[in-house]
Amino acid sequence: MMLDIEATEVLEGVLGCVPELVVVVAPDTTIKAASSSFVGAVGLSDGDIAGVRLADVQHLDDLKNALIKKIRESTGSRELFFSECVDASGTPAHYSCTLSPVKRSGAILHYVAVARDVTESKRLDETRQKYLEIALHDIKNPLHAIKLNAGLIRKFSSERFMIDAANSIDTSVNVVNFLLSEYAAGAALNNFSDGSMSVSDVSCSDLVMEVYKIMRPIAEQKGVKLGISCEPDGIKTSCDRYKVLQLLQNLVSNAIKFTPKNGTVVLSCSSSDKEVVFDVTDSGPGIKRENVDNVFRPYWKENPKSLEGVGLGLTIARNIARAHNGRLTLAYTGSNGSRFEFAIAKS
């Protein structure tokens, strides 16, 4: 067991080198210790910080006031919050903060607050949003032209395969227009709790077939075989049709993306007494074990340097599943592929 003097030296060493703002506070809000970055941000020196009450600290007003409030109202649980404030140099910053109680025999001895500067991350998010808004605006004109040309194909062609192709194009454009509306409204990453869903009874086999028609050309272009199955036929679920199409397309698109040439992707649908389960199975390389917990995180990509996609597909898909009181899970992954399952109640 480490002696107290050794523990103190280790704590001082850690607090002296971490970039985060770290402060150890007693329940009466007296500061016991702090990282060098915190000391500098409030315009003090390391020797002056111990014994100072949080309320008497200069600068970082929003952060210190939030800490004082949360300590006074603490239920003894770890808390997360965000803060925007100005440090001693006059620099505004955004912080992601954690307040954790340190207990002994059930009694709180101290609180440890850690504030991580997320200013640059927030700036990048705002820049990404601006570019997204521009892209959403500019993409609508070519989509309108595609839809008009699909209508001309249907009008002047008598061949069945041309009419089917035009119908598929029409469906794809409708889905894309729906997605553009979602993104423009900022709804893509929320849980759709604002009543924005349009729910009706939908045939599960129709959903599977629509996704197949949209995604088959993409699979064929890559040399991947896309298969479907839906048993028994006639199953229905109560859902927002376009949102569930979006979910299934995201799953199939991901599966095709990571499946090598001559591989297979299968979209299937089955049912039990109370629910419908959509499966998307691929023969790709699978997901590394250490990355399994990350696949539903926003903006996460297995290869961060990849320019393909932004890492939102599975995040959006899971939010859509939850909005339908369903569940989306990574049911299996291994060296011979992965399987995602989306379960939703039957009508």
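This is a predicted model, so every value here is computed, not measured.

Q: Would you take a moment to explain the overall build of the chain for this structure?
A: If you tally the helices and strands in the chain, you get 10 helices and 12 strands. For the chain, buried positions account for 38% of its 347 residues. By sequence separation, contacts in the chain at least 24 residues apart represent 57% of the contacts at least 6 residues apart. Accessible surface, the chain as shown: approximately 19800 Å² in total, 53% of it carbon and sulfur.

Q: I tried to follow the packing of helix H9 (residues 241-258) against helix H10 (residues 313-323) on my own but got confused; where do I start?
A: Geometrically, a packed helix pair is captured by the angle between its two axes and the distance between the axes. For the pair H9 and H10, the least separation of the axes is 9 Å and the interaxial angle reads 145°. Crossing of H9 over H10 shows left-handed handedness. Between H9 and H10, the contacting residues are Lys243, Val244, Gln246, Leu247, Asn250, Leu251 and Asn254 on the first element and Gly313, Leu314, Ile316, Ala317, Ile320 and Ala321 on the second.

Q: Before we go on, may I ask you to explain the packing of aromatic side chains in this structure?
A: Two aromatic rings, taken as a pair, are described by how far apart their centres are and by the angle between their planes. Taken as a whole and judged by the stated rule, the model has 2 aromatic pairs. Aromatic side chains Phe296 and Phe340 sit 6.2 Å apart centroid to centroid with 85° between the ring planes, which places their arrangement in the edge-to-face category. Here Phe340 lies in strand E12 (residues 337-345) and Phe296 lies in the loop between strand E10 (275-282) and H10, a separation of 44 residues in the sequence. Each of the two residues, Phe296 as well as Phe340, counts as buried. The side chain of Arg241 reaches across the aromatic face of Tyr242, ending 5.0 Å from its centre. Directly above the ring of Phe296 sits Arg318, whose terminal nitrogen or CZ lies 3.7 Å from the centroid.

Q: Before we go on, may I ask you to explain the sheet that holds E12 in this structure?
A: What holds strands together in a sheet is hydrogen bonding between their backbones, with the strands either parallel or antiparallel. Spatial strand order, E7-E9-E10-E12-E11: 5 strands in an open sheet with mixed pairing. Both outer strands of the open sheet, strand E7 (225-230) and strand E11 (327-334), are each paired with one neighbouring strand and no more. Pairwise comparison of adjacent strand axes, ignoring direction, gives a mean angle of 15° for this sheet. By the bridge criterion, 7 bridges tie strand E9 (residues 264-271) to E10 in an arrangement that is antiparallel. The residue bridging Leu267 from the neighbouring strand is Val280, located in E10. Against the sheet, helix H8 (residues 204-222) touches E7, E9 and E10, its axis set at about 175° to E7.

Q: Explain the packing of H8 against H9 here, please?
A: Packing of H8 against H9 leaves a shortest axis separation of 10 Å and a crossing angle of 25°. With respect to H9, the axis of H8 lies roughly parallel. As for how H8 packs across H9, the hand of that crossing is right-handed. Together, Leu207, Glu210, Val211, Ile214, Met215, Ile218, Ala219 and Lys222 of H8 and Arg241, Val244, Leu245, Leu248, Gln249, Val252, Ser253, Ile256, Lys257 and Phe258 of H9 make up the contact between the two elements. Split into classes, the residues belonging to the contact of H8 with H9 amount to 12 nonpolar, 2 polar and 4 charged.

Q: Please explain unusual backbone geometry as it appears in this structure.
A: With glycine set apart, most residues show a phi of negative sign, and most peptide bonds adopt trans. With phi around 50°, Leu60 is a residue other than glycine that occupies positive phi space. Looking at where Leu60 falls in the secondary structure, it is placed in the loop between helix H3 (46-49) and helix H4 (61-72). With a relative accessible area of 2%, Leu60 lands in the buried category. Although it is not a glycine, Asn325 adopts a positive phi angle of roughly 55°. For Asn325, the position within the fold is in the loop between H10 and E11.

Q: Please clarify how the pairing of E11 should be interpreted in this entry.
A: Alignment of E11 against E12, held across 7 bridges, turns out to be antiparallel. Following the sheet pairing, Tyr332 is matched in E12 by Arg339. Hairpin remark: E11 followed by E12, antiparallel, with 2 residues in the connecting loop.

Q: It is not clear to me how the environment of Ser283 should be interpreted in this structure. Could you clarify?
A: You can see Ser283 is positioned in the loop between E10 and H10. Under the relative-accessibility criterion, Ser283 is labelled partly exposed at 28%. One polar contact links the side chain of Ser283 to the main-chain amide nitrogen of Thr264, over a distance of 2.9 Å.

Q: Sorry if this is basic, but what is going on with the sheet that holds strand E3 (residues 79-86) here?
A: What the 5 strands build is an open sheet, ordered E2-E1-E5-E4-E3; its pairing is antiparallel. On the outer flanks of this sheet lie strand E2 (31-34) and E3, each paired with one strand and no other. The sheet shows a mean angle of 25° between the axes of neighbouring strands, direction not considered. Relative to strand E5 (residues 107-117), strand E1 (residues 21-25) is paired through 5 bridges, and the arrangement is antiparallel. Note that in E5 the partner of Val22 across the bridge is Val114. Contacts from H4 reach E1, E3, strand E4 (92-104) and E5, with the element oriented near 150° to E3.

Q: Would you mind going over H4 with me for this structure?
A: Three- or four-residue spacings in an α-helix give side chains the same orientation, since the helix completes a turn every 3.6 residues. The first and last C-alpha atoms of H4 sit 17 Å apart over 12 residues, in line with the 16 Å expected at 1.5 Å per residue. Taken together, the buried residues of H4 touch E1, E3, E4 and E5.

About the cut-offs
Residues numbered from 1 in each chain as written. Predicted model: local features only at pLDDT ≥ 70, side-chain atom pairs only at ≥ 80, totals over all residues. Heavy atoms only, no water. Helix = DSSP H or I, 4+ residues; strand = E, 2+ residues; numbered from the N terminus. Buried < 20%, exposed > 50% of the residue type's maximum accessible area, 1.4 Å probe, protein only. Contact = heavy atoms within 4.5 Å. Areas by Shrake-Rupley, 256 points an atom, 1.4 Å probe, with all protein chains shown as cover. Axes fitted to C-alpha atoms, helices over the stretch in contact; angles between N-to-C directions. Left-handed = near helix turned anticlockwise from the far one by under 90°. Phe/Tyr/Trp six-rings, centres within 6.5 Å; stacked < 30°, edge-to-face > 60°. Lys NZ or Arg CZ within 6 Å of the ring centre and 35° of its normal. Pairing = 2+ DSSP bridges. Parallel < 35°, antiparallel > 145°, perpendicular 65-115°, else oblique. Nonpolar A, V, L, I, M, F, W, Y, C, P; charged D, E, K, R; others polar. Polar contact = N/O pair within 3.5 Å; in protein donor to acceptor, adjacent residues only side chain to side chain. Expected span 1.5 Å × (residues − 1).

Functional significance is not addressed by these values, which are geometric in nature.
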